[in-house]
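Structural overview for review
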Amino acid sequence: KQWYQRRVAITAGNFGTDAAHHGSDPDKWDFKPIVPPISLSTTFKQPAPGQPPVYDYSRAGNPTRTAFEECIAKLEGGKYCVATSSGLAATMLLVNTLKAGDHILCCDDVYGGTNRYFNRVVSNFGIEITMCDPTDLEKFKSNLRDNTTMIWIETPTNPTMKICDIAGVVEIVKKRYEGKQVPKVIADNTFSTPYFQRPLELGADCSINSVTKYINGHTDVVMGVISTNNKEFYDKLTFLIMAVGPCPSPFDCYLALRGVRTLHLRMRQHETNSLAVGRWLEKHPRVSKVIHPGLPSHPQHELAKRQMKGFSGMLSFIIDGGKEEATLFLQSLKIFALAESLGGYESLAELPSVMTHASVPPEQRKLIGISDSLIRLSVGIEEPEDLIADLERAFNIVYKK
């Protein structure tokens, strides 16, 4: 069933213009609003039984949600988009396209919630999960099975900032399953956003984002989004939105659409600031390693430059000492807030081993490099010299300079 009609509003072709306008064509509504209205109605009048003009029930579709989905699809270089009530709800929706006996091949370093959901929830329903280092394509290839139906990659990964070769994975999958049912390649684009990376253009079947992070960018919305060019798969997802129900509220869609209007501006500043912070940290005597794909020291810097057109505000670094030193360091920050999440205008800092990735088994954390001295920063859009001064002050407190 066609739950709602899609209308193309503006096709300017440049990211900033599309971000500012797409999905918001005033001619959609009789009263020509420049800003799409918040449609709070849960149901819609039908001229005859079973003949909704566009929408019938807000779980299946909503005008405010449509405006947001149209904008994101455009920015991702896709034809279709489904918005969900959270990033994990988007993950759940995709997994709900599978069945018992299927196999998911997932990169080993992913968002802690994804790891927890796959290994402690999905695995209970007869779906097999294998986690593998995405930087080793031959090893990744060796873990593909006849019953593999979904490839889950996250790039850059969270929190060790590995870069997964999206086009390389797609090529391996197509060759391995030539003449057979090809597994869906899902790319979590949260750390990059469509401004810096477009997985669909690299061959991925779906690009998924936690809208909570950079796309909304204001730390006041929990949402997710899935973009695709595959009409058949999109129809499955829209059916599941109605059948399972993880739809976002109209108000959250309004806020997220407002946030995405400035995505290109914010991402430029996030990149400038994170590179400035990363370069400063590399020179600090109490830092043994800085992990930022935009720095030449990153082992996959050249791949990152080919695959991405820029870098977000995310970086991780290893501080001298252990949990005690890392904890005091984080407690000593004044501008960086000690908090989970990322991608807002404000700078955040956290200790993944006991916060965002605490649910990852200790042996797996050790294997992928999440130690008690690994600190993750989400560098915001404040003045970079103030952020560096804040970090320097914290270092001086920890090491009593």
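Further up the page is the structure itself.
Residues numbered from 1 in each chain as written. Predicted model: local features only at pLDDT ≥ 70, side-chain atom pairs only at ≥ 80, totals over all residues. Heavy atoms only, no water.

Let us now look at the state of the cysteines. A complete count under the given rule lists 0 disulfides for this structure. Between C132, a free cysteine, and C107, which holds the nearest cysteine sulfur, the sulfur-to-sulfur gap is 9.3 Å. In this structure C132 comes out as buried when scored by relative accessible area, which is 3%. (Disulfide = S-S within 2.5 Å. Buried < 20%, exposed > 50% of the residue type's maximum accessible area, 1.4 Å probe, protein only.)

Let us look at the side chain of N189. Considering the arrangement of structural elements, one finds N189 in the loop between β5 (184–188) and α7 (193–196). Polar side-chain contacts of N189 include one of 2.9 Å to the side chain of Q197. (Helix = DSSP H or I, 4+ residues; strand = E, 2+ residues; numbered from the N terminus. Polar contact = N/O pair within 3.5 Å; in protein donor to acceptor, adjacent residues only side chain to side chain.)

A separate point is the packing of aromatic side chains. All chains considered together, the criterion is met by 12 aromatic pairs. Geometrically, the ring pair formed by F395 and Y399 is stacked, given 6.4 Å between the ring centres and 20° between the ring planes. One exposure class covers both F395 and Y399, and it is buried. Site record: aromatic cluster; members linked through ring pairs are W280, F317, F329, F395 and Y399. Positioned above the aromatic ring of Y177, the side-chain terminus of R176 is 4.7 Å from the ring centre. K213 extends its terminal NZ or CZ atom over the ring of Y111, reaching a point 5.7 Å from the ring centre. (Phe/Tyr/Trp six-rings, centres within 6.5 Å; stacked < 30°, edge-to-face > 60°. Lys NZ or Arg CZ within 6 Å of the ring centre and 35° of its normal.)

So, on to the sheet that holds strand β8 (residues 287–291). Taking strand neighbours across the sheet as the criterion, the 5 strands line up as β8-β9-β12-β11-β10 in an open arrangement whose pairing is mixed. Two strands close off the open sheet at either side, each with one partner strand: β8 and β10 (337–338). Two strands pair when backbone bridges link them, and strand β9 (residues 314–319) and strand β12 (residues 374–378) are joined in this way by 5 bridges, in the antiparallel orientation. Each bridged residue has a counterpart across the sheet, and for F317 the counterpart in β12 is I375. Contacts between helix α12 (residues 323–332) and the sheet are confined to β9, β10, β11 (348–350) and β12, with β9 contributing the most and set at about 130° to the helix. (Pairing = 2+ DSSP bridges. Contact = heavy atoms within 4.5 Å. Axes fitted to C-alpha atoms, helices over the stretch in contact; angles between N-to-C directions.)

Here we take up the pattern of salt bridges. Should the charged atoms of two oppositely charged side chains come close, the side chains can pair. Evaluation of the coordinates by the stated rule reveals 16 salt bridges. Across the pair D27 and K32 runs a salt bridge whose closest N-O atoms are separated by 3.2 Å. Residue E70 is joined to K28 by a salt bridge in which the shortest nitrogen-to-oxygen separation is 2.6 Å. Here K28 lies in the loop between α1 (15–21) and α2 (63–76) and E70 lies in helix α2, a separation of 42 residues in the sequence. In this structure, E70 and K28 share a single accessibility class: buried. Three or more residues are tied together by salt bridges with common partners; here these are D108, D133 and K162. (Salt bridge = Lys/Arg side-chain N within 4 Å of Asp/Glu carboxyl O.)

For strand β2 (residues 103–107) and strand β3 (residues 128–132), the ladder comprises 5 bridges, and the chain directions are parallel. Each bridged residue has a counterpart across the sheet, and for H103 the counterpart in β3 is E128. Once the chain exits β2 it traverses helix α4 (residues 112–120) before rejoining the sheet at β3, and the crossover so formed is right-handed. (Right-handed = clockwise from strand over helix to strand, strands pointing away.)

Attention shifts here to a nonpolar patch on the surface. Where nonpolar side chains cluster on the molecular surface, the patch consists of I38, L40 and F251 and spans about 290 Å² of accessible area. With respect to the helices, strands and loops of the structure, L40 is situated in the loop between α1 and α2. (Patch = residues over 30% accessible without salt bridge, like charges linked within 9 Å, V, L, I, M, F, W, Y side chains within 5 Å. Areas by Shrake-Rupley, 256 points an atom, 1.4 Å probe, with all protein chains shown as cover.)

That is the geometry; function is a separate question.
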